[in-house]
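Geometric and topological summary
Residues per chain, in single letters:
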Amino acid sequence: MGKLILVRHGKSFWNIKNIFTGWTDIDLAPKGVEEARIAGEIIRSQNITIDICFSSYLKRAIRTASIILDYANLMHIDFLKSWKLNERNYGAWQGRNKDEVKEDVGEDLFWAIRRGYSTPPPSLSTDDERHPKFDYRHHNLSKGDLPVGESLEQTKQRAVQYFFEAIVPELVKGKTVLVSAHGNSIRALMGHIENIVPKEYPKVEVHTGVLNVYEFDNAMKLKDKYSLTQESLVAI
Ligand SMILES: O=C(O)[C@@H](CO)OP(=O)(O)O
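To start, this report covers the structure provided alongside it. (Residues numbered from 1 in each chain as written. Predicted model: local features only at pLDDT ≥ 70, side-chain atom pairs only at ≥ 80, totals over all residues. Heavy atoms only, no water.)

Brief notes about the packing of aromatic side chains
Geometrically, a pair of aromatic rings is defined through the distance of the ring centres and the angle of the planes. For the structure on display, the rule yields 10 aromatic pairs. Summarising the aromatic geometry, the rings of F20 and W93 are spaced 5.1 Å apart at their centres and angled 40° between planes, so their arrangement reads as tilted. With F20 in the loop between α1 (13-17) and α2 (30-45) and W93 in the loop between β3 (78-81) and α4 (98-105), the pair connects residues that are 73 residues apart, well separated along the chain. Residues F20 and W93 agree in their burial class; the two are buried. Here Y90 and W93 contribute two aromatic rings whose centre-to-centre distance is 6.3 Å and whose plane-to-plane angle is 15°, an arrangement assigned as stacked. Accessibility expressed as a relative area gives 4% for Y90, which makes it buried. Positioned above the aromatic ring of Y90, the side-chain terminus of R88 is 4.4 Å from the ring centre. One Lys or Arg, K98, reaches over the ring of F20 and ends 5.1 Å from the middle of that ring. (Phe/Tyr/Trp six-rings, centres within 6.5 Å; stacked < 30°, edge-to-face > 60°. Helix = DSSP H or I, 4+ residues; strand = E, 2+ residues; numbered from the N terminus. Buried < 20%, exposed > 50% of the residue type's maximum accessible area, 1.4 Å probe, protein only. Lys NZ or Arg CZ within 6 Å of the ring centre and 35° of its normal.)

What follows is the structure in structure tokens.
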């Protein structure tokens, strides 16, 4: 089996402003560009050859992957994108300051939605300009597939579906795969790969720009997981 590298995009402008982002297409802040550059340099200096790259439809993940591939001298490789790797759709919380939402709804509900498993945020109404049906990039999705406020569980369903339909076949061919995605779509994938039970999800935090490596045996059972850091770079 090939190696799987999961990376959460570098910090975006809204990560820095503490605003719920979800499917809003916010770009990387300079700090996020820097995180991606460092990740790319780690890949290059450790002579890791990525064979294929996947990202969401959102520019913070696409740009992170592009910067990584650029600094790793791997810009020529195949690069596929899917909405199924998008950040969780944060519904009506998108665009709102996280502390203000906490104040409004109270700590318990806030954390149940933000870090729990099955509780979705309040949905977007059909006439809300943030509804994904108004975004051309999602025009070929059937109406029923368009999320308007997803729990982690719902995010996991589509991310894991994509994992099996597109990513696992590459791992089976022995390819090294880079997936550049988001806090919650990666949490969902990690949860699936690591067999995390719903009540343990709140403990899983995914940090921006960190290269999380997964190795599997021939039956796709998890063999090893580690992250590539600048320290390991220095140690080498
Ligand atoms: O705003 C978002 O879309 C996500 C990721 O930044 O937030 P959270 O960490 O609260 O899930």
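Quick look at the site of the ligand
Residues in close proximity to the ligand include R8, N15, I19, F20, T21, G22, E87, Y90, K98, R114, R115 and N184, which together make up its full environment. The separation between an oxygen atom of the ligand and a polar side-chain atom of R114 is 2.3 Å. R115 has a polar side-chain atom sitting 2.7 Å from an oxygen atom of the ligand. When the ligand sits alone it has 310 Å² of accessible area, and the protein chains cover 96% of it. Across the shell around the ligand, the residue classes break down as three nonpolar, four polar and five charged. (Near = heavy atom within 4 Å. Polar contact = N/O pair within 3.5 Å; in protein donor to acceptor, adjacent residues only side chain to side chain. Areas by Shrake-Rupley, 256 points an atom, 1.4 Å probe, with all protein chains shown as cover. Nonpolar A, V, L, I, M, F, W, Y, C, P; charged D, E, K, R; others polar.)

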